[in-house]
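# Per-entry structural report
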Amino acid sequence: MKSPIVDIRSQMHGELIFKQNIPEALTELLLPEAHYSLASCPSGNILIQQIETDDFTLWHHTILLSQSDKFLIIAEKSVLSLNFCLQNSFILSLPLSTEPLEIAEGQYNVSYLPNLSLEAEFEPGKAHSFVTLTFSPAVLKKWPLIYPPLATFLDALGKNKEAFLFPANSYSTKSLRKILFSLLHFTCKDKDTQRLIQNAKAIELLVSIFEHPPVRLCPGESDYISREDAEKIYVAKDWLGQQVNRSVSLFELARRIGMNAHKLSVGFQKITGSTVFHYHRKIRMNKAIQLLRDTNRGLFDIGTDVGYSDGKTFSKEFKKAKGIPPLEYRRQIRSQQHAKN
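Right, let's walk through the structure included here. Computed from a predicted structure; not experimentally measured.

This brings us to the nonpolar core. If you look at the biggest cluster of nonpolar residues, it comprises 32 residues, and the most contacted ones within it are Leu240, Leu253, Leu264, Phe268, Phe314, Phe318 and Tyr329. Here this core gets eight residues from one element, more than from any other, and that element is helix H8 (residues 276-294). In contact with Tyr329, other than residues within four places in its own chain, are Gln11, Ile289, Leu292, Phe318 and Ile324. Residues Val131, Leu180, Leu184 and Ile203 belong to the second largest nonpolar core, which totals 25 residues.

Take the side chain of Ser40 next. For Ser40, the position within the fold is in strand E4 (residues 35-41). When sequence neighbours within four positions are dropped, the list of residues in contact with Ser40 reads Leu16, Ile17, Lys19 and Asn45.

Moving on: the layout of surface pockets. Here the second largest pocket is characterised by a volume of approximately 510 Å³. For the lining of the second largest pocket, the secondary-structure elements that each account for two or more residues are strand E1 (7-10), strand E2 (14-15), strand E7 (69-75), H8 and helix H11 (326-340). Looking at the lining of the second largest pocket, its residues break down into five nonpolar, seven polar and six charged.

Compared with the 16 Å implied by 1.5 Å per residue over twelve residues, the 16 Å span of helix H10 (residues 311-322) between its first and last C-alpha is a close match. By the burial criterion, the buried members of H10 are Gly311, Phe314, Glu317, Phe318 and Lys322. An end-on view of H10 places all buried positions within 130° of arc, on one side of the element. Facing away from the buried side of H10, by more than 90 degrees, are the exposed residues Lys312, Lys316 and Lys320. Capping the start of H10 is the job of one residue whose side-chain oxygen sits 3.1 Å from the backbone nitrogen of Lys312: Asp310. Once H10 finishes, Gly323 follows within two positions and takes phi at roughly 90°, a positive value.

With that settled, the discussion passes to the pairing of strand E6 (residues 56-65). Regular strands show a simple pattern: their side chains alternate between the two faces of the sheet. For E6, the tally of buried residues reaches nine of ten residues, placing the bulk of the element in the interior. What sits between the antiparallel neighbours strand E5 (residues 44-52) and E6 is a turn of three residues. Sheet analysis places E6 next to strand E13 (residues 127-135), joined by nine bridges and oriented antiparallel. Residue pairing across strands places Phe56 opposite Phe135, the latter belonging to E13.

As enumerated under the stated definition, the model contains eleven salt bridges in all. Between Lys201 and Glu204 there is a salt bridge, and its shortest N-O distance comes to 3.6 Å. Pair noted here: Lys201 and Glu204 are both in helix H4 (residues 191-211), with a separation of three residues, about one helical turn. Assessed through its relative accessible area of 36%, Glu204 is described here as partly exposed.

So, how was this worked out
- Sequence order as written defines residue numbering, which begins from 1 separately in each chain.
- Side-chain atom pairs in this predicted model are given and counted only at pLDDT of 80 or more, local residue features only at pLDDT of at least 70, and totals for whole chains, interfaces and linings cover all residues.
- Working from all heavy atoms in the structure, the side-chain values ignore hydrogens and water.
- What we call a nonpolar core is a set of buried Ala, Val, Leu, Ile, Met, Phe, Trp, Tyr and Cys residues that are connected through their side-chain atoms within 4.5 Å.
- Only protein chains enter the accessibility calculation, which uses a 1.4 Å probe; a residue is then buried when its area is under 20% of its type maximum, exposed when over 50%, and partly exposed in between.
- Runs of E in the DSSP output that reach at least two residues are strands. Runs of H or I that reach at least four are helices, and both are numbered from the N terminus.
- Contacts are residue-level and defined by heavy atoms, with any inter-residue pair within 4.5 Å sufficient.
- Using a grid of 1 Å spacing that covers the protein atoms alone, one calls a set of points a cavity when a 1.4 Å probe fits there but cannot get out, and a pocket when the set is open and has protein on both sides within 12 Å along at least five of seven lines; lining residues are those with an atom within 4 Å of a point.
- Grid points are joined across faces, edges and corners, and a volume is the space filled by probe spheres set on the points.
- Basically, the charged four are Asp, Glu, Lys and Arg, the nonpolar ten are Ala, Val, Leu, Ile, Met, Phe, Trp, Tyr, Cys and Pro, and anything else, Gly included, counts as polar.
- In this analysis, the expected span of each helix is defined as 1.5 Å times one less than the number of residues it contains.
- Read the arc as the range of directions from the helix axis to the C-beta atoms.
- Each polar contact in these results corresponds to two N or O atoms within 3.5 Å; when the atoms are within protein, one needs to be able to donate a hydrogen and the other to accept it, and residues that are neighboring in sequence are counted only if both atoms are side-chain atoms.
- Pairing between two strands is assigned when DSSP locates at least 2 bridges connecting them.
- Definition used for salt bridges: Asp or Glu carboxyl oxygen within 4 Å of a side-chain nitrogen of Lys or Arg.

This is the structure:
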């Protein structure tokens, strides 16, 4: 087993323990010729599999949790990162995004990060699976003339800035899924030949995304969002991010952006992977978390600041969203901060 390249830490339990052996139930998930590690903590297990060549590094993660937790994932390298959600949605907090990003099953996104550093949140009791594919700077420098928007990434690389290639998650097409499956499961007796074909598959995946930028934002052939409607939904998304101190109804939002409420509801979920209500609640809860962490204010003050009528209602909604009461969350966060100091 190869030493893990990525550093993973549990928000609840700190550093994970990497084990040499994996449970028999997980052996059927192993990819051919991949190096694997099993990272464990009281919250559950993360099976990390890595395929690496001179041109790319691929991480395949399978997450099985028995209790709610968040994980900080760090890799000290500049990357153009393709992130594919294969099974069950999860939530990412990226340095370049002010609010969490939910990636639904079947979706992918493309981003450039000076350092791979993100926070991931997974629902317990479900098997989550996702792939992160990163490309070396040497590979990226070959492509700006073929795909000009990639020049933005190389410019960001020089300035140490983050960037998204596309403005929202996209659903992978049948052809993209086929290429990814072939990349994950291809095996050959001759290792040099295997690496050459894996490199070719990884580049084929990258080029397919560059040549066919996402227009359809959902799996169904008939489910199409026009660019005009998509732009309105992005405006709605940004405006929701500013409404931290109150609730917002779907109909109010639809009137504000001049869009049919049903079309907004369906389109918003396809673009963001979340309903309007759940997306807005996450923003408000993230503000509440910041206040719990950084201030000594009471539940009534925090609750009213994020749009709830009283501390009791806020506490109930916080527990529903995060799994524990707000004061217990504050206690755990401060205990972790004290331990680090």
